[in-house]
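Observations on the three-dimensional arrangement
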Amino acid sequence: FLRLACCCAGMSWPRFILCLLLSIAHASAAKSAPPSSRSDRSVAARHLLSGAAAGAISNTVVAPLDILRLNLIVSQDKRGALRMARDIYARGGLRAFWHGNAADVIRTVPASAVRFYSFAVYKAALLGAVPAATASLLSGGFAGMSAMAVCFPLETVRTRMATLGAAEGVRLVEYTRKLVQSEGAAALYRGLTPSLISVMPYFAVRFGAYDIMQRCYAGLPPDDERRRLLGTLSPAATFGMLAGMAASSLTFPFELVRRRAMVGPSEANPLAAMVRIAREEGVRRGLYKGFGLSLFKVAPSSAVTFVAYEACFRALTRLAESWEREELLRAQLELEAPDTATA
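Notes on the structure follow.

What the chain contains, in helices and strands, is 14 helices and zero strands. Of the regular secondary structure in the chain, the N- to C-terminal order runs α-α-α-α-α-α-α-α-α-α-α-α-α-α. Across the 343 residues in the chain, those meeting the buried criterion constitute 45%. Intrachain contacts of the chain at a sequence separation of at least 6 include 77% that bridge at least 24 residues. Split by element, the accessible area of the chain, about 17400 Å² in all, is 65% carbon and sulfur.

See the structure below:
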């Protein structure tokens, strides 16, 4: 990955995405053996299914806040949250706050599945090679880039439908077809470079901080006061909320630049774009425009995501263990049956 970062400067997006995917494949093949047993495949399926369910549940719950947040981010006027909400309602009523949610869920299901599974794969490969906290942070960043690389066209369509396409009343497939016909297939990858740059630190902090807090919590003695306090609040929800808020606070300017790049002219250098926005619109009203609402959305979204993932993973694990016990019992009965018949 260090070699990838060094060689990708100045690349066009097709070569960048190719190098990224090849590096991910090489790292996974070299450091993490593919599932060779039924148990390994079961664990991989649990990560994928739990991540998909967590993404779908979380995004549907917070869709209205996300629609409002996206419209605030991409607009360049001085409208506040309440005025923007009235404008969205005037364009399409309550349904406008879930406009593009189908695209969002379709995008989120594979992206969240890839993100959680690749995080587990990268962490297993990095643990032992680097300190545990570093492994958590790097795994989160690589997982975010992997999911973004795979699902970027859906990310673009979802952002365009939530903002530019809100008044058109078209569905996902129809809107995608019109977009490709009018602007070309390259429009689906507009803003890819700032997106990959922004998701690396965001998911490094979000997944890394969550994993570090979970590991610290697991290491507390049973009679520790902090364990009792967190036990009453739900550790997954608390850690997920704190990790999401920290990630959003640290990387919000990158998020703003990449969202604007999807719906308008894209600048090759996201840092230069941030400097320009800060100069023309200011820091608070420009780079951090919509940050308060974004934080208000990210906190419950991140909490719901991790709670749903942990709950689904535990449920699927119990189900898999139950199936394994039944298979073992059935195998024992089949072995004992000939002995009984002989006797």
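Back to the write-up after that little detour.
Counted at 1.5 Å a residue, the expected span for helix H12 (residues 270–281) with its twelve residues is 16 Å, and the 16 Å between its end C-alpha atoms agrees. Taken together, the buried positions of H12 are occupied by Pro-270, Ala-273, Met-274, Ile-277 and Glu-281. For H12, the arc enclosing every buried residue in end-on projection is 100 degrees, short of the 170-degree limit, so these residues lie on one face. Away from its buried face, by an angle of more than 90 degrees, H12 presents the exposed residues Leu-271 and Arg-279. Just past H12, the residue Gly-282 takes up positive phi, approximately 95 degrees.

With that settled, consider the environment of Asp-211. Among the secondary structure elements, Asp-211 is positioned in helix H9 (residues 192–218). Look at Asp-211 and you get buried, because its relative accessible area is 11%. Ignoring any residue separated from it by four or fewer positions in sequence, one finds Asp-211 in contact with Phe-119, Lys-123 and Ser-136. Engagement of the side chain of Asp-211 in a polar contact is seen with the side chain of Lys-123, the distance being 3.0 Å. Only 2.9 Å separates the side chain of Asp-211 from the side chain of Arg-215, close enough to count as a polar contact.

Turning our eyes to something else, we now look at the nonpolar core. Ranked by size, the top nonpolar core spans 28 residues in total, and within it Phe-207 and Tyr-210 carry the most contacts. Contributions of two or more residues to this core are made by helix H6 (101–126), helix H7 (132–162), H9, helix H11 (235–263) and helix H14 (291–342). A per-element tally of this core places H9 first, with ten residues. Each residue touching Tyr-210, except ones within four places of it in the same chain, is listed here: Val-205, Ala-236, Phe-239, Gly-240, Ala-243, Phe-306 and Glu-310. Core analysis: the next-biggest nonpolar cluster, separate from the first, contains nine residues, Leu-68, Ala-96, Phe-97 and Leu-293 among them.

Moving on, we come to the side chain of Thr-238. Within the secondary structure, Thr-238 sits in helix H11. What makes Thr-238 buried here is its relative accessible area of 16%. Apart from residues no more than four positions distant in its own chain, Thr-238 is found in contact with Leu-230 and Leu-233.

As a further point, take the environment of Val-275. Turning to its location among the elements, Val-275 is positioned in helix H12. Look at Val-275 and you get partly exposed, because its relative accessible area is 49%. Spatially, the C-alpha atoms of Val-275 and Leu-287 are 8.9 Å apart, while their sequence positions differ by twelve residues.

Once that is clear, we can look at the packing of aromatic side chains. Throughout the structure, instances matching the rule amount to 15 aromatic pairs. Taken together, the ring pairs in this structure connect Phe-116, Phe-119, Tyr-202, Phe-203, Phe-207, Tyr-210, Phe-306, Tyr-309 and Phe-313 into an aromatic cluster. The ring of Phe-313 has Arg-46 sitting right over it, with the charged end atom 5.9 Å from the ring centre. The ring of Tyr-217 carries the charged tip of Arg-227 above its face, separated from the ring centre by 4.6 Å.

In total, this model carries four salt bridges according to the counting rule given. Between Arg-276 and Glu-280 there is a salt bridge, and its shortest N-O distance comes to 3.2 Å. Of this pair, Arg-276 and Glu-280 both sit in helix H12, four residues apart, roughly one helical turn. A relative accessible area of 28% means that Arg-276 is categorised as partly exposed. Judged by its relative accessible area of 52%, Glu-280 falls in the exposed class. Three or more residues joined by partner-sharing salt bridges are found here, namely Lys-123, Asp-211 and Arg-215.

Cut-offs used in this document
Residues numbered from 1 in each chain as written. Predicted model: local features only at pLDDT ≥ 70, side-chain atom pairs only at ≥ 80, totals over all residues. Heavy atoms only, no water. Helix = DSSP H or I, 4+ residues; strand = E, 2+ residues; numbered from the N terminus. Buried < 20%, exposed > 50% of the residue type's maximum accessible area, 1.4 Å probe, protein only. Contact = heavy atoms within 4.5 Å. Areas by Shrake-Rupley, 256 points an atom, 1.4 Å probe, with all protein chains shown as cover. Expected span 1.5 Å × (residues − 1). Arc of directions from axis to C-beta. Polar contact = N/O pair within 3.5 Å; in protein donor to acceptor, adjacent residues only side chain to side chain. Core = buried A, V, L, I, M, F, W, Y, C linked by side-chain atoms within 4.5 Å. Phe/Tyr/Trp six-rings, centres within 6.5 Å; stacked < 30°, edge-to-face > 60°. Lys NZ or Arg CZ within 6 Å of the ring centre and 35° of its normal. Salt bridge = Lys/Arg side-chain N within 4 Å of Asp/Glu carboxyl O.

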